[in-house]
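Listed below, chain by chain, are the residues.
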Amino acid sequence: MHNRVLMNGNDAIGEGAIRAGCHAYFGYPITPQNELTSYMAKHMPEHGRVFIQAESEVAAINMVFGAVVTGKRAMTSSSSPGISLKQEGLSYLAAAELPAVVVNVQRGGPGLGNIAPSQADYFQATKGGGHGDYHLIVLAPNSVQEMHDFTIDAFALADRYRNPVMILTDGRLGQMMEPLVLYKGAPPKSPPKPWSLTGARNRKPNHIRSLLLEVDALEERNLILQAKYKTILAELVGFDEYLTQDAQVLAIAYGSSARIAKGAVDQARAKGIKAGLLRPITLWPFPRARIRQLAAKVKGILVVEMSAGQMLEDVQLAVGERSPIAFEGRMGGAVPEESDVLTALQHLNKPTRKGARS
Amino acid sequence: MSTSRSRPKKTDRIIYRRPLSLVDRPTHFCPGCGHGTAHKLIAEVLDTLKIREKTIGVAPVGCAVMAYYYLNCDISEAAHGRTPAVATGIKRCLPDRIVFSYQGDGDLAAIGMAETIHAANRGENITVVFVNNSVYGMTGGQMAPTTLNGQKTATSPCGRDSRSMGTPIRICELLNTLDSPWHIERVALDGPAGIRKARKALLTAFKGQMEGKGYSLIEILSPCPIHMRLTPRDAVRFIKEGMIPAFPLGVFRKEGKPVT
Amino acid sequence: MKARTYTVRIDRNRCKGCELCISVCPRQVLELSGEINPRGYHFTRAANPSSCIGCANCSDMCPDTAIELREEMNRHA
C-alpha cells in the first residue's frame with residue numbers, strides 16, 4: 001500500500017488501528033460506522049489478528065474487555081445507540097484500569113434517531129457515560145488524516161494511562177474521503193503489563209476485578225482513579241488554534257463543526273472581522289485553561305456544535321463572566337451552515353452588544 | 001494450616017486431600033452450598049491435568065464472583081452475563097491457554113443468554129462451568145430461568161406459575177440444537193456418585209479444550225440450601241427428586257455429535 | 001499380615017457443619033461436634049475412626065474441602 005492514499009474516515013481508523021498493533025477487533029453492524037467493521041473483517045485476518053462480529057455491542061465491548069486483560073491491544077467501534085449499549089462495559093474497563101480503544105461514529109439521536117452526522121454524544125463521552133466516577137480520554141479528529149493519526153495515539157494513550165480512550169467522531173467524517181498519509185512507524189511501544197492475565201506461571205495469580213465490597217477499599221480505588229485523572233488533566237490537554245493571535249471574536253468547535261467554523265472564520269476575516277478558532281482535540285481533558293485565557297482577550301465567543309449545546313457547558317464553565325458566549329447549533333443530524341456561523345460571528349463583533357447568550 | 005500439608009509416612013496412601021489449585025482459605029459460601037464443591041472439582045481437574053499455570057478463569061456477578069479468592073489461577077471478573085464474551089476475548093488472544101467461565105443460572109441463562117448461545121455457536125474453544133441451583137443466590141433467592149414450576153422464591157412467592165413466568169429453561173438441550181459445540185453434559189451434586197461423575201465430566205471438558213476440540217459446557221445441578229429454603233441434606237434430596245426430573249442428567253453432546 | 005486403617009482428618013476451621021459428610025458415610029464414622037469453630041459453626045469430627053473403610057464419600061461430598069483421608073498400611077507380626 002502506498003503511503004499517500006485516498007480513504008474514507010472509517011477505513012482510515014481501521015488502518016490506523018492495524019498499524020498501531022491492535023491485536024483484536026470486535027464489532028457489530030450499525031450505520032454510519034459499517035465501513036470500519038468491514039475493513040477490519042477483511043484486513044485483521046490478513047495480519048493474523050482477531051476479528052469477531054459479535055452478537056451485540058454489549059458482547060463486543062466485553063470481548064474487548066477479555067482481549068485487553070491478556071495485555072493485547074484491542075478495539076471496538078459503533079455509533080451512538082450502540083455506544084449507549086457499551087456504557088456498562090466502559091465503566092468496567094475504567095474501573096479495572098484497562099487500556100482499550102472505542103470509536104463512536106456519532107449519528108442523530110436521541111433514540112434510534114437517524115444515520116446523519118451528529119455531535120450529541122458529547123456529554124456521554126466526556127462526563128463518564130456509564131455508572132460511577134470515571135472518565136474516558138476523548139479524542140476528536142476533524143479530518144480523515146486525524147482519524148488515522150489519532151487512532152494510533154489512542155492506543156498509545158490507553159496503554160500509558162491504563163484507561164479506555166474514545167475517538168469521538170461523526171458520520172460525516174466517517175463517510176467522507178480525503179487523501180491521507182499512512183503511518184509508517186512501528187506500533188507505539190507497549191509498556192510492560194505485569195497485571196495482565198496470561199496464566200500464573202512462576203508468579204502469583206493475577207486478578208482483574210472491580211468488585212470491592214469494603215467501603216474503604218472502594219474509596220481508595222476511587223482515589224487512585226481520581227489521582228490518575230488529575231495527571232491526565234495536567235499532561236494531556238490538546239487543542240488547535242487558528243488565527244487566535246489577534247482574534248476579537250473566537251469560535252470554539254471540534255470535529256466536523258470545526259471545519260465549518262474555520263470556513264466561517266476565513267469569511268469573517270475577508271470581511272475585516274478579527275475572528276479566530278479554537279478547536280479542542282482532547283474533549284476530555286478539556287482545554288479549559290486556554291479557553292479562559294483567550295476569553296479575557298476577546299469580545300465574544302461562539303460555540304458551534306451539531307447538538308443542542310453540550311460542549312457549550314464546558315466552555316461556559318471555563319469562561320465564566322469573562323466573555324459573552326453565543327451558540328450556533330443544529331440537531332437531529334442537521335449540520336450548521338457556514339453562513340449562519342458567519343452571521344453569528346458578525347453579530348458578536350458588533351461593538352456595544354451585551355452578552356449574546358451566556 | 002498445620003494439618004493439611006503434613007508429609008505422609010512411607011506406608012500412607014492419600015485418598016483425598018485439598019487440591020493444590022484450591023487456595024487454603026475457608027469460603028464465604030453458605031453451609032452445604034454446591035459452589036464449594038464445584039470449585040473443588042475444578043481445582044482437582046487443574047491439578048490432574050497440570051494446567052493451573054496456564055489457566056485463566058472468568059467469574060461474573062453472583063455468588064460465583066469471588067472465585068479469585070479460592071482458585072489459585074489467573075481470574076477476571078466479568079459484567080453480569082458477559083462471561084462468555086470476556087472468555088472469548090481472552091481465548092482468541094491467548095489460544096494456547098486454558099480458559100473457563102464459571103457461571104450461575106441467572107448469569108448464563110437469563111441476562112447472558114445471548115452470549116451463551118453465540119459463544120457456543122462459534123464453537124469457542126472454552127469450557128463453560130454452569131452451576132444451576134435454580135435460584136439467584138447472591139441477591140437473595142429470586143426466581144431464576146431454571147426455577148422449577150411451583151418453586152417458591154423471593155420473586156415467585158406463591159410458586160413459579162408457568163402461565164405467566166415460563167418454565168425452567170433446559171440449557172443443555174437448547175445448546176444441543178447448535179452444530180458447533182463439542183461436549184455438553186449435565187451432572188448433579190446429589191451425592192458422592194454424582195460428584196464423581198461431575199469430576200469426570202469436567203476432566204473431559206478441560207482435556208478436550210487442551211486438545212483444541214472446541215466448546216464444552218458442563219451443567220452442574222447444585223444445592224443452594226438457603227434459597228431452596230431447605231437444610232443441606234434436604235437440598236441434596238431436592239436435587240434428586242425435584243431438579244433431576246426437570247433437568248435430566250447425561251451427556252447430550254459427545255465428540256461434537258448429539259447423543260441420541 | 002497387613003491391616004489397613006484409615007485416618008479422617010477434618011479441618012475444623014473450614015468445616016461449616018452442613019452434615020453432608022455425615023449423611024453419606026456408610027459406617028457412621030462421623031458426627032457433629034458439640035464444639036464451635038472460630039467462625040461459629042459446629043464442626044464434624046470422626047467419632048468412630050476405626051469403622052472407616054476409606055470410601056471417600058465424605059471427602060468427595062464435602063463442599064468445603066475440609067476432609068483429608070489417608071490409608072495406612074500397618075504391618076503386624
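All of these numbers come straight from a predicted model, not from anything done at the bench. (Residues numbered from 1 in each chain as written. Chains lettered and ligands numbered in written order. Predicted model: local features only at pLDDT ≥ 70, side-chain atom pairs only at ≥ 80, totals over all residues. Heavy atoms only, no water.)

Draft legend 1. Looking closely at the layout of surface pockets. The calculated volume of the largest pocket comes to roughly 470 Å³. Along the wall of the largest pocket there are 21 residues; nearest its centre are Ala 95, His 131, Ser 210, Leu 211 and Leu 218 of chain A. Of all elements in the fold, only helix H5 (87-95) and helix H9 (215-235) of chain A together with strand S3 (74-78) of chain B reach the threshold of two or more residues within the lining of the largest pocket. Classifying every residue of the lining of the largest pocket by side-chain character gives 12 nonpolar, 6 polar and 3 charged. Here the second largest pocket defines a volume of roughly 300 Å³. For the lining of the second largest pocket, the secondary structure elements donating two or more residues are strand S6 (183-188), helix H8 (192-210) and strand S8 (250-254) of chain B. The element best represented in the lining of the second largest pocket is H8 of chain B, accounting for 7 residues. Partitioned by chemical class, the residues of the lining of the second largest pocket number 4 nonpolar, 3 polar and 8 charged. (1 Å grid on protein atoms, 1.4 Å probe; cavity = no way out; pocket = protein on both sides within 12 Å on 5 of 7 lines; lining within 4 Å. Points joined across faces, edges and corners; volume = space filled by probe spheres on them. Helix = DSSP H or I, 4+ residues; strand = E, 2+ residues; numbered from the N terminus. Nonpolar A, V, L, I, M, F, W, Y, C, P; charged D, E, K, R; others polar.)

Draft legend 2. Examining the sheet that holds strand S11 (residues 249-252) of chain A more closely. Residues and elements named next belong to chain A. On the basis of which strands lie adjacent, the open sheet formed by 5 strands has the order S10-S12-S11-S14-S15 and mixed pairing. Edge positions in the sheet fall to strand S10 (239-242) and strand S15 (325-329), since each of these pairs with one other strand and no more. In this sheet, adjacent strand axes meet at a mean angle of 20° when their direction is disregarded. When S11 meets strand S14 (residues 300-305), the two strands line up parallel, connected through 4 bridges. Bridge pairing in S14 places Leu 250 opposite Ile 301. Here helix H10 (residues 255-270) sits on the sheet in contact with S10, S11, strand S12 (275-280) and S14, set at roughly 165° to S12. Contacts from helix H12 (residues 311-319) reach S11, S12, S14 and S15 within the one sheet, and its direction differs from that of S14 by about 160°. (Pairing = 2+ DSSP bridges. Axes fitted to C-alpha atoms, helices over the stretch in contact; angles between N-to-C directions. Contact = heavy atoms within 4.5 Å.)

Draft legend 3. A look at the pairing of S8 of chain B. Residues and elements named next belong to chain B. Here S6 runs beside S8; their pairing, made up of 3 bridges, is antiparallel. Residue pairing for S8: Glu 185 is matched across the bridge by Val 251. Here S8 folds back onto strand S9 (residues 257-258), and the loop between the two strands holds 2 residues, one of which, Glu 255, carries a positive phi near 50°.

Draft legend 4. Representation of the packing of aromatic side chains in the model. One pass over the structure, following the stated rule, counts 7 aromatic pairs over all chains. Their ring planes at 50° and their centres at 5.6 Å tell us that Phe 29 of chain B and Tyr 70 of chain B sit as a pair that is tilted. Of the two residues, Phe 29 of chain B sits in the loop between strand S1 (12-16) and helix H1 (34-49) while Tyr 70 of chain B sits in helix H2 (residues 67-70), which places them 41 residues apart along the sequence. Taking relative accessible area as the criterion, Phe 29 of chain B reaches 4% and is therefore assigned buried. A ring pair is formed by Tyr 69 of chain B and Tyr 70 of chain B, whose centres lie 6.1 Å apart and whose planes are at 65°; its orientation type is edge-to-face. On the basis of relative accessible area, Tyr 70 of chain B is assigned to the buried category, the value being 3%. The positively charged end of Lys 262 of chain A is found above the aromatic ring belonging to Tyr 242 of chain A, 4.7 Å away from the centroid. Positioned above the aromatic ring of Tyr 69 of chain B is the side chain of Arg 25 of chain B, whose terminal nitrogen or guanidinium carbon lies 4.2 Å from the ring centre. (Phe/Tyr/Trp six-rings, centres within 6.5 Å; stacked < 30°, edge-to-face > 60°. Buried < 20%, exposed > 50% of the residue type's maximum accessible area, 1.4 Å probe, protein only. Lys NZ or Arg CZ within 6 Å of the ring centre and 35° of its normal.)

Draft legend 5. Looking closely at the arrangement of the chains. Ranking the 2 pairs of chains in contact by number of contacts places chains A and B first. Without any contact between them, chain A and chain C keep their closest C-alpha atoms 19 Å apart.

Draft legend 6. Main features of the pairing of strand S5 (residues 100-106) of chain A. Residue and element names in this part refer to chain A. Burial within S5 is extensive, with 7 of its 7 residues counted as buried. The alternating pattern of S5 places Ala 100, Val 102, Asn 104 and Gln 106 on one face and Val 101, Val 103 and Val 105 on the opposite face, and all of these are buried. One ladder, built from 4 bridges, connects strand S4 (residues 74-78) with S5; its direction is parallel. Bridge pairing in S5 places Thr 76 opposite Val 102. Direction of pairing for S5 relative to strand S7 (residues 164-170): parallel, over a ladder of 7 bridges. When the sheet's bridge partners are listed, Gln 106 is paired in S7 with Asp 170.

Draft legend 7. Structural context of the interface of chain C and chain B. Residue-level contacts link 32 residues of chain C with 41 residues of chain B. Taken as a group, Arg 14, Asp 60 and Arg 70 of chain C account for 23% of the area that chain C buries against chain B, more than any other trio of residues on that side. Between the two partners, chain C and chain B, sit 6 salt bridges. For Arg 199 of chain B, the salt bridge is made with Asp 60 of chain C, and the minimal N-O distance between the two is 2.6 Å. One can count 15 residue pairs in polar contact (both at pLDDT 80 or more) joining chain C with chain B. Looking at the side of chain C that touches chain B, the elements that each hand over two or more residues are strand S1 (2-10), helix H1 (20-24), helix H2 (57-61) and strand S4 (67-75) of chain C. The biggest single contributor to the side of chain C that touches chain B is S4 of chain C, with 7 residues. A class-by-class count of the residues in the side of chain C that touches chain B yields 14 nonpolar, 6 polar and 12 charged. (Buried area = accessible area lost by both parts, 1.4 Å probe. Salt bridge = Lys/Arg side-chain N within 4 Å of Asp/Glu carboxyl O. Polar contact = N/O pair within 3.5 Å; in protein donor to acceptor, adjacent residues only side chain to side chain.)

Draft legend 8. Representation of the pattern of salt bridges in the model. Enumeration according to the criterion identifies 38 salt bridges over all chains in this entry. In this structure, the salt-bridge partner of Arg 82 of chain B is Glu 115 of chain B, at a minimum N-O distance of 3.1 Å. Of this pair, Arg 82 of chain B sits in the loop between S3 and helix H3 (83-93) while Glu 115 of chain B is found in helix H5 (residues 113-121), placing the two residues 33 residues apart along the sequence. Note on Arg 82 of chain B: relative accessible area 11%, which makes it buried. Among the charged side chains, a network of salt bridges with common partners joins Glu 55 of chain A together with Arg 92, Arg 122 and Glu 124 of chain B.

Draft legend 9. How the structure looks around H10 of chain A. Residue and element names in this part refer to chain A. If you check H10, its first and last C-alpha atoms are 23 Å apart, about what 16 residues at 1.5 Å a residue would give, namely 22 Å. The set of residues buried in H10 consists of Gly 255, Ser 256, Ser 257, Ala 258, Ile 260, Ala 261, Gly 263, Ala 264, Val 265 and Ala 268. Looking one or two places after H10, you find Gly 272, whose phi comes out positive at around 85°. (Expected span 1.5 Å × (residues − 1).)

Draft legend 10. Here's a closer look at helix H10 (residues 232-246) of chain B. Compared with the 21 Å implied by 1.5 Å per residue over 15 residues, the 20 Å span of H10 of chain B between its first and last C-alpha is a close match. Its maximal kink placed at Ile 239 of chain B, H10 of chain B deviates by approximately 35°. If you follow the buried residues of H10 of chain B, they end up packed against strand S5 (127-132), S6, strand S7 (216-221) and helix H9 (225-228) of chain B together with H1 and H2 of chain C. (Bend = angle between axes of the 7 residues up to and from the residue.)

Draft legend 11. How the structure looks around the side chain of Thr 76 of chain A. Residues and elements named next belong to chain A. Counting through the fold element by element, Thr 76 comes out in strand S4. Taking relative accessible area as the criterion, Thr 76 reaches 0% and is therefore assigned buried. Polar side-chain contacts of Thr 76 include one of 3.0 Å to the side chain of Lys 86.

Draft legend 12. Structural view of the interface of chain A and chain B. Counting residues at the interface gives 37 residues for chain A and 34 residues for chain B. Roughly 2700 Å² is buried in total at the junction of chain A and chain B, and carbon and sulfur atoms are behind 58% of that figure. Our count for the contact surface shared by chain A and chain B stands at 3 salt bridges. Arg 122 of chain B is the partner of Glu 55 of chain A in a salt bridge, and the nearest nitrogen-oxygen pair spans 2.9 Å. Between chain A and chain B we count 17 residue pairs in polar contact (both at pLDDT 80 or more) in total. Every element with two or more residues in the side of chain A that touches chain B is listed here: strand S2 (24-27), strand S3 (50-53), helix H3 (57-69), H5 and strand S9 (207-208) of chain A. Element by element, the count of residues in the side of chain A that touches chain B is highest for H3 of chain A, at 8 residues. In the side of chain A that touches chain B, the residues fall into 18 nonpolar, 12 polar and 7 charged.

It is worth stressing that arrangement in space is one thing and function is another; only the former is reported here.
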